[in-house]
Amino acid sequence: MSLIDNTKGQLVVNPEALKILSAITQPVVVVAIVGLYRTGKSYLMNKLAGKKNGFSLGSTVKSHTKGIWMWCVPHPKKPEHTLVLLDTEGLGDIEKGDNENDSWIFALAILLSSTFVYNSMGTINQQAMDQLHYVTELTDRIKANSSPGNNSVDDSADFVSFFPAFVWTLRDFTLELEVDGEPITADDYLELSLKLRKGTDKKSKSFNDPRLCIRKFFPKRKCFVFDWPAPRKYLAHLEQLKEEELNPDFIEQVAEFCSYILSHSNVKTLSGLESLVLTYVNTISSGDLPCMENAVLALAQIENSAAVEKAIAHYEQQMGQKVQLPTETLQELLDLHRDSEREAIEVFMKNSFKDVDQMFQRKLGAQLEARRDDFCKQNSKASSDRCMALLQDIFGPLEEDVKQGTFSKPGGYRLFTQKLQELKNKYYQVPRKGIQAKEVLKKYLESKEDVADALLQTDQSLSEKEKAIEVERVKAESAEAAKKMLEEIQKKNEEMMEQKEKSYQEHVKQLTEKMERDRAQLMAEQEKTLALKLREQERLLKEGFENESKRLQKEIRDIQMRSKSLHPICNIL
């Protein structure tokens, strides 16, 4: 499927392709293959996809793939991962009068991929390097960050952290891989081909520039060489040939290439591939340079907003499954909330990245608190509704007896209070009335105080003294009930405060763990970059390029200083 169309000389994103990318929930490995027209890169792409065909193949001087095509398949070697293959149109197509978009397609393939494969024919000679002039234009096409003045080859450390691994594949390779009669590997051949030439003249600069860019921008690089796949007359129908009709050496070389790519290509560290595509293409179309730092920040806004939504959806799903309203106690509800909240924070942490100042985590915290409060209100209402219905069922017959005058006789007051106590005990014994059980009963009994008082005052079997004692007893009982209600309210407030503290501590705990993981990952990545840079510096020094070695030493010091400043700051207040 076309991801970015270039048939009319303008880069246009295919919305259907974006839908497919947005639906991917697994970690993504992105492999892009770029090359000149007529270099057979689509054949390699089909082999990586495990398909006989799928990407358009062409053996004429016309480029078959227009723009960037993609293929999404389950990763053959990494379970629960998705492999996204990007096949670009052949660079330097003779039908294009303006090759401006070639440079943009080259840059986009680098920005979107975790492994970048450059496919060319024959050997690595000066013509091959001249054809790879796009690499010298990268700093004219891409900005590492929004700060002015930090966009040169000498600031390559900023680019390296974003750029993919570089693999150079050489089709129809006819040379013997040896130096001075000793065998060398394809990787050795690449490094020999990237050696610089001494001199400051224009010719030396033209010779060194692409090599220096490859060495600085892509410290992690690999090379594969392929023999002729079949006699020339069969190349036009390469995808139709049976395996036994192909050159056995070629088959083995392709298998080795595919194995390496599928085993060593890293997961794309930036999720939200569809957002990256849209951001970069829109920026190019507006006439600006794609800025990796700005793209990351824009992507972070989108992904972190989505992470909050996913976390809230998970919380609501869990609470919907676990909670049966009304709960017997407030603590029961808060315990269920805490478990669901912990899982929701885990969902957020898994899906969020670069949450500057924990802005989105604070939003999540506020939304979780609002939903907790909403569940508390629902719980109170469910309890009140159940208790009111229960009171009607239990005390309804008593109210009817009062209306019928059953207790309007000597000794009727004591019969009424005895019956009232029996019904109260019956009410207490009913389970799962919820947190409003006592308050609803208290209000109900308060509403019947006038009835009880009237029966007391008209009961001729009681003396005035007995009536006065009973009034005081009722007052004391009412005061005791009010005291207990205050204690209940205080207890609920303490439980809510305790829950808020536990919620805060859970946020801090998971944030601290995530920041430590991120820091460890970043440190590991910087250590790898440092090792590659140090190796490159050593090579430059051995080759006699002291000035270039010193420039690289400055980059190494900058990386080391950044590593020292990687201290996690936890603040979600």
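Just above sits the structure.
Anyway, here's the lowdown on the structure attached to this text. (Residues numbered from 1 in each chain as written. Predicted model: local features only at pLDDT ≥ 70, side-chain atom pairs only at ≥ 80, totals over all residues. Heavy atoms only, no water.)

Notes on the overall build of the protein chain
Now for step 1: If you tally the helices and strands in the protein chain, you get 18 helices and ten strands.
Now for step 2: Within the protein chain, the proportion of its 573 residues that are buried is 46%.
Now for step 3: Contacts spanning at least 24 positions in sequence make up 74% of the contacts within the protein chain whose residues lie at least 6 apart.
Now for step 4: As displayed, the protein chain has an accessible area near 29,500 Å², and 52% of this comes from carbon and sulfur atoms. (Helix = DSSP H or I, 4+ residues; strand = E, 2+ residues; numbered from the N terminus. Buried < 20%, exposed > 50% of the residue type's maximum accessible area, 1.4 Å probe, protein only. Contact = heavy atoms within 4.5 Å. Areas by Shrake-Rupley, 256 points an atom, 1.4 Å probe, with all protein chains shown as cover.)

Comments concerning the side chain of K514
Now for step 1: Structurally, K514 is set in helix α17 (residues 464-542).
Now for step 2: Setting aside chain neighbours within four positions, we find K514 in contact with M349 and S352.

A look at the side chain of Q361
Now for step 1: Tracing the backbone shows Q361 in helix α13 (residues 359-403).
Now for step 2: Here the side chain of Q361 touches H507 through a polar contact of 3.1 Å, side chain to side chain. (Polar contact = N/O pair within 3.5 Å; in protein donor to acceptor, adjacent residues only side chain to side chain.)

Details of the packing of aromatic side chains
Now for step 1: Tallied over the entire structure, the rule returns 18 aromatic pairs.
Now for step 2: Between the aromatic rings of F395 and Y444, the centroid separation amounts to 5.0 Å while the plane-to-plane angle is 50°, which identifies the pairing as tilted. On the criterion of sequence distance, the pair formed by F395 in helix α13 and Y444 in helix α15 (residues 437-447) is long-range, its members being 49 residues apart. One exposure class covers both F395 and Y444, and it is buried.
Now for step 3: Among the aromatic residues, ring-to-ring pairing joins F106, F116, Y118, Y134, F163, F166, W168, F217 and F218 into one connected group.
Now for step 4: In this arrangement the basic side chain of R211 is found over the ring face of F207, its NZ or CZ atom lying 3.6 Å from the centre.
Now for step 5: Over the ring of Y260 we find K222, and its NZ or CZ is 5.1 Å from the ring centre. (Phe/Tyr/Trp six-rings, centres within 6.5 Å; stacked < 30°, edge-to-face > 60°. Lys NZ or Arg CZ within 6 Å of the ring centre and 35° of its normal.)

Overview of the nonpolar core
Now for step 1: One finds L3, L86, F106, L138, F163, W168 and V277 to be the most contacted residues of the largest nonpolar core, which totals 65 residues.
Now for step 2: No other element matches helix α3 (residues 100-112), which puts nine residues into this core.
Now for step 3: Other than its neighbours up to four places away in sequence, L138 contacts F106, A107, I110, F163, F217 and F218. (Core = buried A, V, L, I, M, F, W, Y, C linked by side-chain atoms within 4.5 Å.)

Re a negative patch on the surface
Now for step 1: On the surface, a cluster of negative charge is contributed by E176, E178, D180 and E182.
Now for step 2: In this fold, E176 is placed in the loop between β7 (165-171) and β8 (178-179). (Patch = residues over 30% accessible without salt bridge, like charges linked within 9 Å, V, L, I, M, F, W, Y side chains within 5 Å. Salt bridge = Lys/Arg side-chain N within 4 Å of Asp/Glu carboxyl O. Lys, Arg positive; Asp, Glu negative; His and termini not counted. Charge placed at Lys NZ, Arg CZ, Asp CG, Glu CD.)

With respect to α13
An α-helix turns once every 3.6 residues. As a result, residues three or four positions apart point the same way.
Now for step 1: With 45 residues, α13 should reach 66 Å at 1.5 Å per residue; the first-to-last C-alpha distance of 63 Å fits that figure.
Now for step 2: Its maximal kink placed at F395, α13 deviates by approximately 50°, while the proline P397 follows within four residues. (Expected span 1.5 Å × (residues − 1). Bend = angle between axes of the 7 residues up to and from the residue.)

Topic: the pairing of strand β6 (residues 115-121)
Now for step 1: The buried fraction of β6 is high, at six of seven residues.
Now for step 2: Of the strand pairs in this sheet, strand β3 (residues 28-35) and β6 are connected by five bridges, and their pairing is parallel. When the sheet's bridge partners are listed, A32 is paired in β6 with F116.
Now for step 3: In terms of strand pairing, β6 meets β7 through seven bridges, oriented parallel. Bridge pairing in β7 links M121 to R171. (Pairing = 2+ DSSP bridges.)

Points about α17
Now for step 1: With 79 residues, α17 ought to run about 117 Å at 1.5 Å a step, and its terminal C-alpha atoms sit 116 Å apart, in line with that.
Now for step 2: At the exit of α17 stands G544, carrying a positive phi of roughly 90°.

Overview of the pattern of salt bridges
Now for step 1: By the definition in use, this model includes 31 salt bridges.
Now for step 2: One salt bridge connects D187 with K222, and the closest N-O pair in it is separated by 2.9 Å. Within this pair, whereas D187 is found in helix α7 (residues 186-193), its partner K222 is found in strand β10 (residues 221-225), the two being separated by 35 residues in sequence.
Now for step 3: Salt bridges sharing common partners tie together E191, R215, R221, E536, R539 and E543.

Side note on the sheet that holds β6
Now for step 1: Across the sheet, eight strands lie side by side as β2-β1-β4-β5-β3-β6-β7-β10; this open sheet has mixed pairing. Since the sheet does not close on itself, it has two edges, and those belong to β2 (12-13) and β10, each with one partner.
Now for step 2: In terms of strand pairing, β7 meets β10 through five bridges, oriented parallel. Bridge assignment links L170 to a residue of β10, and that residue is V225.

Remarks on unusual backbone geometry
Most peptide bonds take the trans form, and the phi angle of most residues other than glycine is negative.
Now for step 1: The peptide bond linking L325 to P326 adopts the cis configuration, its omega dihedral lying at 0°.
Now for step 2: By the secondary structure assignment, P326 is in the loop between α11 (292-322) and α12 (330-351).
Now for step 3: One non-glycine residue, K354, lies in the positive phi region at around 45°.
Now for step 4: Position of K354 among the secondary structure elements: in the loop between α12 and α13.

Re the pairing of strand β5 (residues 82-88)
Now for step 1: Burial analysis of β5 places seven of its seven residues in the buried class, the great majority of the element.
Now for step 2: The alternating pattern of β5 places T82, V84, L86 and T88 and L83, L85 and D87 on opposite faces, both of which are buried.
Now for step 3: Summarising the sheet, β3 and β5 pair through six bridges and their orientation is parallel. Opposite V31, over in β5, you have L85 as the bridge partner.
Now for step 4: With seven bridges connecting them, strand β4 (residues 68-74) and β5 associate as antiparallel partners. Each bridged residue has a counterpart across the sheet, and for I68 the counterpart in β5 is T88.

What to know about the packing of α11 against α13
Now for step 1: Running from N to C, α11 and α13 point in directions that differ by 25°, and their axes come no closer than 10 Å. Taken together, α11 and α13 sit at an angle that is classed as roughly parallel. With respect to the hand of their crossing, α11 and α13 are arranged in right-handed fashion. The residues of α13 that touch α11, namely those facing Q301, N304, S305, V308, A311, I312, Y315, E316 and M319, are M359, F360, L364, Q367, L368, R371, R372 and F375.
Now for step 2: Grouping the constituent residues of the contact of α11 with α13 by class yields ten nonpolar, four polar and three charged. (Axes fitted to C-alpha atoms, helices over the stretch in contact; angles between N-to-C directions. Parallel < 35°, antiparallel > 145°, perpendicular 65-115°, else oblique. Left-handed = near helix turned anticlockwise from the far one by under 90°. Nonpolar A, V, L, I, M, F, W, Y, C, P; charged D, E, K, R; others polar.)

Coordinates in, geometry out; function isn't part of it.
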